[in-house]
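So you can see what is in the structure, the chains are spelled out below.
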Amino acid sequence: MRRNSRWPGFYKLSVEDRRRVAAEALGIDVDDLISALGDGGLKCDKADKIIENVVGTFSLPFALALNVQINGQDFIAPMVVEEPSVVAAASNAARMVREGGGFTAEADEPIMIAQVQLDEVVDSVRACTRIRQHVGELIELGNEAVPGLVRRGGGVRGVEPRDLGEGMVVVHFHVDCRDAMGANLVNTVAEAVSDRVEELCGGRMGLRILSNLCDRRKVRVTCRVPSHALAADGFDGADVRDGVVRASRFAERDPYRAATHNKGLMNGLDAVVLATGNDWRAVEAGAHAYAARTGQYSPLCTWRADHDDLVGTLEIPLSLGTVGGPARVHDAARLGLRVVDASSAVELAMVAASVGMASNLAALRALATDGIQRGHMALHARSVASAAGALGADVERVAHRIHAAGNVTLEAAKRVLAELSRSTTSSTSAPPPGQ
Ligand code: MEV
């Protein structure tokens, strides 16, 4: 089914109505959708089989980002995140990008790196030569350890020795993990080949483990947003475009800013990673190591003006899977994968990266105009209202009043809630004359 991710007014619906609309648009039975999200997608007895010392589970909001179009195809991106504004901002920025033709994305093959480390190697130049002379044999040995992966079309693609100096040699095995994130596969390969690597190189065996700097598994996304689509209340589109470019240049010069710039990007990207049951720590480790690859920590996504347009460019290593991992036992993660409906792990990575780019654009646009707090506070007011005990329609009432008063605090929310309930009580206990 060809999907359309433009669902105007979706945000205005009740949760119940959103579920109905989403289920219909996604071709998922509404009861399946509801039951997948019950208990946050994970019952305690299942959680107890996943990690140790379990005493319960911990839920986060599961939402849908809309308007995402990549290479001409629409995607609905599932997002799990606790921060207000992130989903709305990503959907809003994706709509602007859509006006310029959507995101254009491409990705490397899903190649992970297994590292086999050797210490105390007497002749490291000779060790590296011996590895190069035995590449075919080592590939075969690695593949024998992962027959299932080889059957699915993956396997070891290359072997690369690296001399780290002072007798330390590391041998990289490049493993095509197909639709798996690949940590277990890659670690299996590393352990299976290590004895032979030690025989060839001499020295003492060290670590055998994947590298999270998966720079052979990168995604590249670009987008072109016409200036008029960037216009905000009281801000001309071209000024906003130039403000976003200035913000990008700031991040390119200053690691203090680059860290926050990338955090805004990871707000959206991680939310998709989490909603599809993927390992966000692996993604974070790889992203930041890659951002620091030149020796200066830099922005992963940069922005430039091109004629009337704003052009964004993102490159990031991403190790995501659509098979294996927590999705096997986590109903909501499985639902996340159904929602995004990516045809492969590579396509899922393109969606996550595009949502990351949308989040980055939304943050820079807000910073270049009103500042981040106005929109953020409007949404934050709802969670403060709810924390103060407001229920149902009172959440919006309380949120509206504390936001309008510029006092988004728990105390203010409690005060407003008490006023509301007093006025409800007095109006029900003393009906107007004639009733
Ligand atoms: C907040 O979660 C993210 C931002 O700080 C990102 C940015 O400054 O670009 C708004």
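Residues numbered from 1 in each chain as written. Predicted model: local features only at pLDDT ≥ 70, side-chain atom pairs only at ≥ 80, totals over all residues. Heavy atoms only, no water.

K.L.:
Explanation requested: the sheet that holds strand 8 (residues 218–226) in the structure shown.
P.N.:
Note: strands within a sheet are paired through backbone hydrogen bonds, in either parallel or antiparallel orientation. Pairing is antiparallel across the open sheet formed by four strands, whose spatial order is 3-8-10-9. Each edge of the open sheet is held by one strand with a lone partner, namely strand 3 (104–107) and strand 9 (301–306). Adjacent strand axes in the sheet meet at a mean angle of 15° when their direction is disregarded. Its contacts with the sheet place helix 9 (residues 237–253) against strand 9 and strand 10 (309–317), and it is angled at close to 140° to strand 9. (Pairing = 2+ DSSP bridges. Helix = DSSP H or I, 4+ residues; strand = E, 2+ residues; numbered from the N terminus. Axes fitted to C-alpha atoms, helices over the stretch in contact; angles between N-to-C directions. Contact = heavy atoms within 4.5 Å.)

K.L.:
Honestly, the domain arrangement of the protein in this entry has me stumped. Any pointers?
P.N.:
Reports often express the size of an interface as the amount of accessible area lost when the parts come together. Taken domain by domain, the protein consists of domain 1 (10–107 + 217–371), domain 2 (111–211) and domain 3 (375–426). The gap between the C-alpha centroids of domain 1 and domain 3 is 29 Å. Between domain 1 and domain 3, the contact holds four residues from the first and five residues from the second. It is Glu83, Pro84 and Ser85 in domain 1 that bury the most area against domain 3; as a group they hold 86% of the surface buried on that side. Counting every contact that joins domain 1 to domain 3 gives zero salt bridges. Put simply, domain 1 and domain 3 have zero residue pairs in polar contact (both at pLDDT 80 or more) between them. (Domains from an automatic or database assignment. Buried area = accessible area lost by both parts, 1.4 Å probe. Salt bridge = Lys/Arg side-chain N within 4 Å of Asp/Glu carboxyl O. Polar contact = N/O pair within 3.5 Å; in protein donor to acceptor, adjacent residues only side chain to side chain.)

K.L.:
Any chance you could explain the side chain of Ser359 here in plain terms?
P.N.:
With respect to the helices and strands, the residue Ser359 is situated in helix 13 (residues 345–368). Setting aside chain neighbours within four positions, we find Ser359 in contact with Ala90, Gly264, Leu265, Asn267 and Gly268.

K.L.:
Which parts of the structure should I look at to understand helix 11 (residues 280–291)?
P.N.:
Structurally, the α-helix is built with 3.6 residues per turn, so residues lying three or four positions apart point the same way. Relative to the 16 Å expected for 12 residues at 1.5 Å per residue, helix 11 spans 16 Å between its end C-alpha atoms, a close match to the ideal helical length. Buried residues of helix 11: Ala282, Val283, Gly286, Ala287, Tyr290 and Ala291, and no others. With its buried residues spanning 160° around the axis, helix 11 presents them on a single face. On its buried side, helix 11 packs onto strand 8, helix 10 (255–275) and strand 10. Near the N-terminus of helix 11, the side chain that reaches the backbone nitrogen of Arg281, with its oxygen 3.1 Å away, is that of Asp279. (Expected span 1.5 Å × (residues − 1). Buried < 20%, exposed > 50% of the residue type's maximum accessible area, 1.4 Å probe, protein only. Arc of directions from axis to C-beta.)

K.L.:
Can you help me understand the pairing of strand 2 (residues 73–80) in this one?
P.N.:
The two faces of the sheet receive side chains in turn, since in a regular strand these alternate between them. Counting buried positions along strand 2 gives seven out of eight residues, so the element sits mostly inside the fold. Pairing of strand 1 (residues 62–70) with strand 2, which is carried by seven bridges, proceeds in the antiparallel orientation. Directly across from Val68, in strand 2, lies its bridge partner Phe75. Joining the antiparallel neighbours strand 1 and strand 2 is a turn of two residues, in which Asn71 adopts a positive phi near 50°.

K.L.:
Sorry, what's going on with the nonpolar core here?
P.N.:
Most often, soluble globular proteins have nonpolar side chains that are buried together. Counting residues in each nonpolar core, the largest one holds 64 residues, and the members touching the most others are Phe103, Ile316 and Leu318. Ranked by residue count, the leading element in this core is helix 13, at 12 residues. In this structure, Phe103 is in contact with Val68, Gln69, Ile70, Asn71, Ala94, Val97, Val221, Thr222, Cys223, Ser354, Met357 and Ala358, ignoring residues within four places of it in sequence. With 32 residues, the next largest nonpolar core counts Leu118, Val146, Val169 and Phe173 among its residues. (Core = buried A, V, L, I, M, F, W, Y, C linked by side-chain atoms within 4.5 Å.)

K.L.:
Would you mind going over the packing of aromatic side chains with me for this structure?
P.N.:
A ring pair, where both rings are aromatic, is described by two values, the distance of the centres and the angle of the planes. For the coordinates displayed, the defined rule picks out one aromatic pair. Note on Trp7 and Phe10: the rings are 5.0 Å apart at their centroids and 75° apart in plane angle, and the pair reads as edge-to-face. Residue Trp7 shares its accessibility class with Phe10, and that shared class is buried. The residue whose ring lies beneath Arg281 is Trp280, and the NZ or CZ to ring-centre distance is 4.3 Å. (Phe/Tyr/Trp six-rings, centres within 6.5 Å; stacked < 30°, edge-to-face > 60°. Lys NZ or Arg CZ within 6 Å of the ring centre and 35° of its normal.)

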